[in-house]
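Structural overview for review
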Amino acid sequence: MRIDGRSLHGGSASGEVAKLSDTISFWGGIDMSGTIIDQAHPQMGTSIAGKIVALPGSRGSSGTPAALCEMLRRDTGPAAILVTEPDTNIVVGAMVAAELYEVDCPVVLIEPAQFDDLVAGETVTVTEQH
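Attention here is on the structure that accompanies the text. Not measured: the values here are computed from a predicted model.

1. Notes on the overall build of the protein
Counting its secondary structure elements, the protein contains four helices and six strands. Going residue by residue from the N terminus, the α and β elements of the protein occur as β-β-α-β-α-β-α-β-α-β. Radius of gyration (C-alpha) of the protein: 13 Å, near the 14 Å computed for a compact globule of 130 residues. Considering only C-alpha atoms, the protein reaches an extent of 30 × 30 × 20 Å along its principal axes. Expressed as a percentage of its 130 residues, the buried residues of the protein come to 47%. Counting contacts in the protein only where the partners sit at least 6 residues apart, residues at least 24 apart contribute 78% of the total. Element-wise, carbon and sulfur atoms account for 50% of the exposed surface of the protein, whose accessible area totals about 6,000 Å².

2. Describing the side chain of Thr64
With respect to the element layout, Thr64 can be found in helix H2 (residues 63–73). The contacts of Thr64, once residues within four sequence positions are left out, are Ser25, Phe26, Trp27, Ser58, Arg59, Asn89 and Ile90.

3. Regarding helix H3 (residues 88–101)
Between its first and last C-alpha atoms H3 spans 19 Å; for 14 residues at 1.5 Å apiece the expected length is 20 Å, and the two agree. Buried residues in H3 make contact with strand E1 (2–9), helix H1 (26–29), strand E3 (52–55), H2, strand E4 (80–83) and strand E5 (107–109). The N-capping residue of H3, defined by a side-chain oxygen 3.2 Å from the backbone nitrogen of Asn89, is Asp87. Following H3 by one or two positions, Glu102 has its phi on the positive side, about 55°.

4. A few points about the pattern of salt bridges
Summed over all chains, the structure comprises four salt bridges. Across the salt bridge formed by Arg59 and Asp38, the nearest N and O atoms sit 2.5 Å from each other. Here Arg59, found in the loop between E3 and H2, pairs with Asp38, found in the loop between H1 and E3; they are 21 residues apart in sequence, far enough to count as distant. With a closest N to O distance of 2.5 Å, Arg73 and Glu70 form a salt bridge. Taken together, the residues span about one helical turn, with Arg73 and Glu70 both in helix H2 at a distance of three residues.

5. Structural notes on a nonpolar patch on the surface
Residues Val92, Val96, Leu100 and Tyr101 make up a contiguous nonpolar surface patch of roughly 320 Å² in combined accessible area. Looking at the secondary structure, you find Tyr101 in helix H3. Take Tyr101: its relative accessible area is 35%, and that puts it in the partly exposed class.

Cut-offs and rules
Residues numbered from 1 in each chain as written. Predicted model: local features only at pLDDT ≥ 70, side-chain atom pairs only at ≥ 80, totals over all residues. Heavy atoms only, no water. Helix = DSSP H or I, 4+ residues; strand = E, 2+ residues; numbered from the N terminus. Rg over C-alpha atoms; globule rule 2.2 N^0.38 Å. Buried < 20%, exposed > 50% of the residue type's maximum accessible area, 1.4 Å probe, protein only. Contact = heavy atoms within 4.5 Å. Areas by Shrake-Rupley, 256 points an atom, 1.4 Å probe, with all protein chains shown as cover. Expected span 1.5 Å × (residues − 1). Polar contact = N/O pair within 3.5 Å; in protein donor to acceptor, adjacent residues only side chain to side chain. Salt bridge = Lys/Arg side-chain N within 4 Å of Asp/Glu carboxyl O. Patch = residues over 30% accessible without salt bridge, like charges linked within 9 Å, V, L, I, M, F, W, Y side chains within 5 Å.

If you want it as structure tokens, here you go:
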């Protein structure tokens, strides 16, 4: 399946979908191996490493950009992130990783209907539109 959306941070990627039904804090909700450790999260135990992560958005404070950037530096972060609402913290984390470590993680805004159609484990290709 091909995913088209509005680019919040440029790039393209392909991979397996990790669909998160709820928001998550990247700082404390996901460990540095890329595994969801938030005990209350519906997808606890799921790895986002190398996946196309689809989620409504992040929650929490400015720790999210730092945690996402560090995961990307360690090569345990997502290949791309799909959100249904613009998310400054996710975009900043991806931008900093690109600038400091030359690691790309596209962030794409998709329609809620596209999110609903995604199935965890399916392979998708993310392309940006302007």
